[in-house]
Amino acid sequence: MDAFLSKMVRAVEAPKLPLQQSELLRRCGKDLLTRPDLCAALIQEAASGPLSDGQMAMLVAALDEARMADENGQRKGRTFLDDMRDVVALLDADLTSQTALSLSSAWTRAGLTPPPSLAHAVISEDPDAFADINGIPDIPDEMFDGIFKGFNDIGEDSVSAMLAMLDEMLPTLPPEARFAFIRKLATRPESLCGDAAAALLLATDASVSSGALTGLALRQQAGDLSQTLLSRITLIRSWLQDPDTLRGMDEIIRSALKTGTPATDTRSKPKIHRVVSSMVDGSGAQSLSMAIQSGGRRALAVVLLKQGFGVKDAFVLPCTSASEQKQMIAQIANESGALEATTDYAFTALSWALADGQANGTMPAAGLLDVVETAGFADLRPRSADIADIAAIADPEGAVSTLSVRARGSLIMASEHWPDHFPISDSWFEDSDASSDAIESATTQNAMTRKLWQHLETRRDFWAMIFARNAALLAAAKNPTTPELVAVAQAMSEGRDLKKAPIMHFVHAMSFEAWVHQDAPPMPFGGLEVTEERAAPGTYAEVAPFGTKEQKALDKLLRPAKITPAWMEGFLTGLCTAPKFIKPSEWIITIFNVVAEDLASDADLQKLLDLIVIAYNHRLSLLRDGAPAEALFPADPVLFSIWADGYLTAWEAHKPHWPNKSLGKDGKAMRALLEQAADFKTKPDQAPALHKWLIKQCDKQK
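Residues numbered from 1 in each chain as written. Predicted model: local features only at pLDDT ≥ 70, side-chain atom pairs only at ≥ 80, totals over all residues. Heavy atoms only, no water.

Undergrad: For the confidence of the model for the chain, give the residues involved together with the corresponding values.
TA: Averaged over every residue, the pLDDT of the chain is 86; residues scoring 70 or more account for 88%. Across residues 521-544 the pLDDT falls below 50, and counting only partners more than four positions away or on other chains, this stretch makes 62 contacts in the model. (pLDDT = per-residue confidence, 0-100. Contact = heavy atoms within 4.5 Å.)

Structure (structure tokens):
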């Protein structure tokens, strides 16, 4: 295995705190996304034996990063997933059933549909391998029992556990076998099997959903459809839209009502002890968790919602005790920065997500049925809601709408402080190919700014919905900033100029930073540890003037590389005054090569890059405003020599942006001056000329 890959595996398998491990895997996933050859090598390792825990974790992390990139409109995500699917297809002859299950598990754990080529490893695709009962493919009992053996240890009510195992196993079966297996599963007498089959009516794989429908019809004909299972089927019907599936379900329901079904569900209504939810991030994702008790049984229900996709994932985790349940939900709340919510909010958020999924043609995760059953949400139905509807839930009295224009404006302007209050704001940015294309189509700094605003205008409704959904959550959590989010969501949906909402300036700036960093090379792997998960509010990521606090922070981070602020100021001035505009995605790599190996962690690198972007914008403003010489370069001869060296480094590292024909007589003279200064041969009397030339160069930059 590649030495770099082996080093990553050793780092991942070394003992670490949970947050450190999570951050390390995230970085591994991002690194592998930029190196598909390494991920392909990792998959090829599976042909020679099962992947280790570390290898599996890294593969899942890479696939997960690719999935998120694809969902967020980045071509690199889809390209990566297609490439890895092709790598698996090439392993066809070398895949054992164990290997196929392992790879299927990796794709499933990353929230993806496993490659179709895995469907030949457990049972060969042979039409004669399946018996035929009244025109329905059937799987032999001995074959079914062999595959079903792994489910024997599943607890009585653990539908989520069975669905998780099926998610990994089914893709390794050919379509005919999937149909036959699920049809037989649905006819098994165990209630767990019937419940799982009902959930699989939500499967996007037609062979699975049709197998569940056929099997449940046979179960009903045999008089083995309980009232509980009938209720599940009836509930699911409101979540589906496929006409053929709906007709089949209607036949089961009508037949069951005619013959009557035994009422077997005598359980008391579940009690929900605690509900916590993360705020909605910049991709529209939100996680919601509930601590639930039903009789003597306790469980944790977890749901992942995503704007434009609906219910992405859902599952129930059994808890052995009240203390374990409290510990699990507390850990989730702490790690995600979740807010305390209410049962009513959870129910409403799920109903919105169901409608969102229907509107976008996506099916809710099959595990949602288990969550609904556990939480007692038997009447959960899709509930369409636009921005105004959701804002009305957050502000039921309509207090914000009745405010004066000035008062509403004050609430909107208060959004300037949201990045200080909400850590989730670190994710409020655009990083799709569309946003990158908008920026990269520009040739000047001003044009880049303008085009990014134009892109954000096309995303107005998306961001208004983000703020409306967060307002509804904050209202449930009784957070005093709720009216601010309501006002911003309403104003954006009503067409207010995006530039008049401070939070959108933050989104604009963060989107630009995301673009700056997206092409930076990955951190060298090894010897790095996560020192902190997020910079303190107002310290690094905040878009603000470059003041004393920022200067001190930058100086501290530059010291290990033996670089002074004076050198960095000269370098940035060179970027701002090059005849041809230098895109940040180009010069950030120069910075990386100069300082990366001397930094203690990738967290420090991120802080440094954030600070340098702020310093760059500050220096650009100084030049455009015609700041005095003392603000543009140091008067002290030694510091000026260091400044000149930084300026020349920017010049030499980006020579194509400094064509000789664009220099002219003044430019050549200034070049000679800078070279002399870098050799500690300073000529103070040239300061006025340099000052005038720098401002002129910035103004002329194309």
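Resuming the write-up.
Undergrad: Now, about the sheet that holds strand β3 (residues 271-277): what can you tell me, with residues and values included?
TA: Taking strand neighbours across the sheet as the criterion, the 5 strands line up as β6-β5-β4-β3-β7 in an open arrangement whose pairing is antiparallel. Each edge of the open sheet carries a strand with a single partner, namely β6 (310-319) and β7 (339-340). Looking at chain direction, β3 and strand β4 (residues 285-294) are connected through 6 bridges and run antiparallel. The partner of R274 across the bridge, within β4, is A291. Contacts between helix α16 (residues 368-375) and the sheet are confined to β3, β4, β5 (297-306) and β6, with β6 contributing the most and set at about 55 degrees to the helix. (Pairing = 2+ DSSP bridges. Helix = DSSP H or I, 4+ residues; strand = E, 2+ residues; numbered from the N terminus. Axes fitted to C-alpha atoms, helices over the stretch in contact; angles between N-to-C directions.)

Undergrad: Tell me what's going on with the pairing of β3, and back it up with residues and numbers.
TA: Where β3 meets β7, 2 bridges bridge the pair, whose relative direction is antiparallel. Paired with V276 across the strands is E340, a residue of β7.

Undergrad: Tell me what's going on with unusual backbone geometry, and back it up with residues and numbers.
TA: You will see that K478, though not glycine, has its phi angle at about 55 degrees, which is positive. Assignment of secondary structure puts K478 in the loop between α22 (460-476) and α23 (482-493). Note on K478: relative accessible area 72%, which makes it exposed. (Buried < 20%, exposed > 50% of the residue type's maximum accessible area, 1.4 Å probe, protein only.)

Undergrad: Could you give an account of the side chain of T108, naming the residues involved and the relevant values?
TA: Among the structural elements, T108 can be located in helix α6 (residues 97-109). At 2.9 Å, the side chain of T108 and the backbone oxygen of S104 are in polar contact. (Polar contact = N/O pair within 3.5 Å; in protein donor to acceptor, adjacent residues only side chain to side chain.)

Undergrad: Got a sec to walk through helix α26 (residues 565-577)? Specific residues and values, please.
TA: A rise of 1.5 Å per residue sets the reference length of α26, with its 13 residues, at 18 Å; its end C-alpha atoms lie 18 Å apart and thus fit the reference within 8%. Within α26, 11 of the 13 residues are buried, leaving the element largely enclosed by the surrounding structure. All of the buried residues in α26 are A566, W567, M568, G570, F571, L572, T573, G574, L575, C576 and T577. The elements touched by buried residues of α26 are α25 (548-558), α27 (584-595), α28 (602-624), α29 (629-632), α30 (637-653) and α32 (687-700). (Expected span 1.5 Å × (residues − 1).)

Undergrad: Please give an account of the packing of helix α3 (residues 36-45) against helix α5 (residues 75-90) that cites residues and values.
TA: Here α3 crosses α5 at 30 degrees, and the two axes come no closer than 10 Å. As summarised for this structure, α3 and α5 are arranged roughly parallel, according to the angle between their axes. Two packed elements cross with a definite hand, and for α3 against α5 that hand is right-handed. Residues P36, C39, A40, I43 and Q44 of α3 lie in contact with α5, whose contacting residues are F80, M84, V87 and V88. For the contact of α3 with α5, the residue count by class is 8 nonpolar, 1 polar and no charged. (Parallel < 35°, antiparallel > 145°, perpendicular 65-115°, else oblique. Left-handed = near helix turned anticlockwise from the far one by under 90°. Nonpolar A, V, L, I, M, F, W, Y, C, P; charged D, E, K, R; others polar.)

Undergrad: Can you lay out the packing of aromatic side chains for me, pointing to particular residues and giving the numbers?
TA: Applying the stated rule across the entire model yields 18 aromatic pairs. Measuring from centroid to centroid gives 5.6 Å for W418 and F467, while their planes differ by 65 degrees, and the two rings are edge-to-face. With W418 in helix α19 (residues 418-421) and F467 in helix α22, this residue pair connects regions lying 49 residues apart in the sequence. Side by side, W418 and F467 carry an identical accessibility label, which is buried. When the ring of F640 is compared with that of W643, the centres are 5.7 Å apart and the planes differ by 15 degrees; the resulting orientation is stacked. Of the two residues, F640 and W643 both sit in helix α30, 3 residues apart, roughly one turn of that helix. One aromatic cluster is present, built from ring pairs that chain together F633, F640, W643, Y647, W651, W658 and W693. One cation-aromatic arrangement involves R671 over W651; the distance from NZ or CZ to the ring centre is 4.7 Å. (Phe/Tyr/Trp six-rings, centres within 6.5 Å; stacked < 30°, edge-to-face > 60°. Lys NZ or Arg CZ within 6 Å of the ring centre and 35° of its normal.)

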